[in-house]
Structures are given as C-alpha cells and as structure tokens.
Amino acid sequence: CIRAVKELYEKQSDRALLISSTGTGKTYASAFTLRELKPKKALFLVHREQIAKQSMRSYQNVFGSSRTYALLSGNSKELEEIKAADFVFSTMQMMAKPEICQQFAPREYDIIVIDEVHHVGAPSYQKIMEYFKPRFWLGMTASPDTNQYDIYAIFHHKIAYEIRLQQALEEDLL
C-alpha cells in the first residue's frame, strides 16, 4: 500500500484509493504512508468525533512527538491551535461548514485523507473537495460500492491498494 501510494504521488497523481476490509489497519496504513510522503501539514477527515480521536491516537503512535496534532469537532473548536497543528483530525460535518472551512487556506494541507470515502459524493464532502486544493487526496474505505456515488471516478480510478474480506481472512489479518 505504502509503495503504491508513494508511486502514484511521485508520478504527480493527485489522488489514490485504499480499499481495505474493516479491521485491516487502514488508519495505520495511511499514517505509515504519510510518514513516507513527509507532508508539512495533513488533514484527516472522518464522519464521527470518536473516529477522529482514535485516528489521532494511531498517528501519534506512528509519529510520536515529531508532529503536532489537533482535533476539530463540535466539541473542539480552538481554531488558532488547530490551524497551527501539523495534523488536523476533523469531522467532515465541521469542515463542511463554510465559516469553519474558510478559516483555512485552500492549499493549507499537503495531503487530505478521507476515511469512509464511499460517502464522498455527498454534497458536504463535495464542498470540502471543491474548496481544498491539497497536493494529494487519499481516500479509504472497506465498502467502495455501497453508495450511489462513483468514488472510482472521483478518485480518477487510481486504486493504490485493495484487500477485500476474503483475502484478509485468508491472510490472517482479521
């Protein structure tokens, strides 16, 4: 996964999909990938605050104190602290609000990771994707075909890595 995303990134692609069954470590895979890509700033978008907190802990396990972290959610809105952080973990509901989103420059983040990217066709996600202009988008999901959105097209059919449930079971990853 890391090698494939890095290859796409180095070939100047601006996005990639990671399709991986639940429990196979998508968040850690994204953290290790970002460790290789070395972005100055990254945004990690999720749909629930609990997942943002868990993801932030995973990134802290990988990066330790070499980076600064902040949470942006309905309960955590200290914008000056958030804007200063290297890695921001945000609920998409907060970031989709124009009064929040526009506090950040369109090129604020080098990389934006979207968890549960099968929802990315929704208007709230589209607002975020239209506003931000990162160097790279990394979309992650276990279920790419569950919504009416064509995430393959949105991500230019760039599948960096895919491991479905059957393969994950066969490889004792679950």
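Only a predicted model underlies this, so the values are computations on that prediction, with no experimental measurement involved. (Residues numbered from 1 in each chain as written. Predicted model: local features only at pLDDT ≥ 70, side-chain atom pairs only at ≥ 80, totals over all residues. Heavy atoms only, no water.)

Colleague: How do you make sense of the packing of aromatic side chains when you look at a structure like this?
Modeller: To describe a pair of aromatic rings, you give the distance between the ring centres and the angle between the ring planes. One pass over the structure, following the stated rule, counts 12 aromatic pairs. Between Phe44 and Phe89, the aromatic rings sit 5.5 Å apart at their centres with planes inclined by 35°, giving tilted as the arrangement. Linking Phe44 in strand E2 (residues 42–46) with Phe89 in strand E4 (residues 87–91), this pair joins segments that are 45 residues apart in sequence. Looking at Phe44, the relative accessible area reads 2%, which means it is buried. By relative accessible area, Phe89 is classed as buried at 1%. Judged by centre distance (5.2 Å) and plane angle (75°), the ring pair of Tyr59 and Phe89 falls under edge-to-face. Of this pair, Tyr59 sits in helix H3 (residues 49–63) while Phe89 is found in strand E4, placing the two residues 30 residues apart along the sequence. (Phe/Tyr/Trp six-rings, centres within 6.5 Å; stacked < 30°, edge-to-face > 60°. Helix = DSSP H or I, 4+ residues; strand = E, 2+ residues; numbered from the N terminus. Buried < 20%, exposed > 50% of the residue type's maximum accessible area, 1.4 Å probe, protein only.)

Colleague: What am I meant to see in helix H7 (residues 123–131) here?
Modeller: Counting along an α-helix, one turn takes 3.6 residues, and residues three or four places apart therefore face a common direction. Three or more residues of H7 are buried, namely Tyr125, Ile128 and Met129. Along the long axis of H7, the arc covered by the buried residues comes to 95°, so they all point the same way. Along H7, exposed side chains directed more than 90 degrees from the buried face belong to Pro123 and Glu130. The inward-facing, buried residues of H7 contact strand E1 (15–20), E2, helix H5 (92–95), strand E5 (111–114), strand E6 (136–141) and helix H8 (151–154). (Arc of directions from axis to C-beta. Contact = heavy atoms within 4.5 Å.)

Colleague: When you look at the pairing of E5 in this model, what are you seeing that I'm missing?
Modeller: Note on strand geometry: in a regular strand, side chains alternate between the two faces of the sheet. Residues of E5 alternate between two faces, with Ile111 and Val113 on one and Ile112 and Ile114 on the opposite face, all of them buried. Where E2 and E5 come together, 4 bridges link them in parallel fashion. Note that in E5 the partner of Leu45 across the bridge is Ile114. As paired elements, E5 and E6 share 4 bridges and run parallel to each other. In the strand pairing of E6, Ile114 is matched with Gly139. The handedness of the E5 to E6 crossover, carried by H7, is right-handed. (Pairing = 2+ DSSP bridges. Right-handed = clockwise from strand over helix to strand, strands pointing away.)

Colleague: So what exactly am I meant to see when it comes to the side chain of Ser55 here?
Modeller: Mapped onto the secondary structure, Ser55 falls in helix H3. The exposure class of Ser55 is buried, given its relative accessible area of 3%. There is a polar contact of 2.8 Å between the side chain of Ser55 and the backbone oxygen of Ile51. With near-sequence residues (within four places) excluded, Ser55 lies in contact with Thr27, Phe44, Val46 and Phe89. (Polar contact = N/O pair within 3.5 Å; in protein donor to acceptor, adjacent residues only side chain to side chain.)

Shape is all these values report; function is a separate question.
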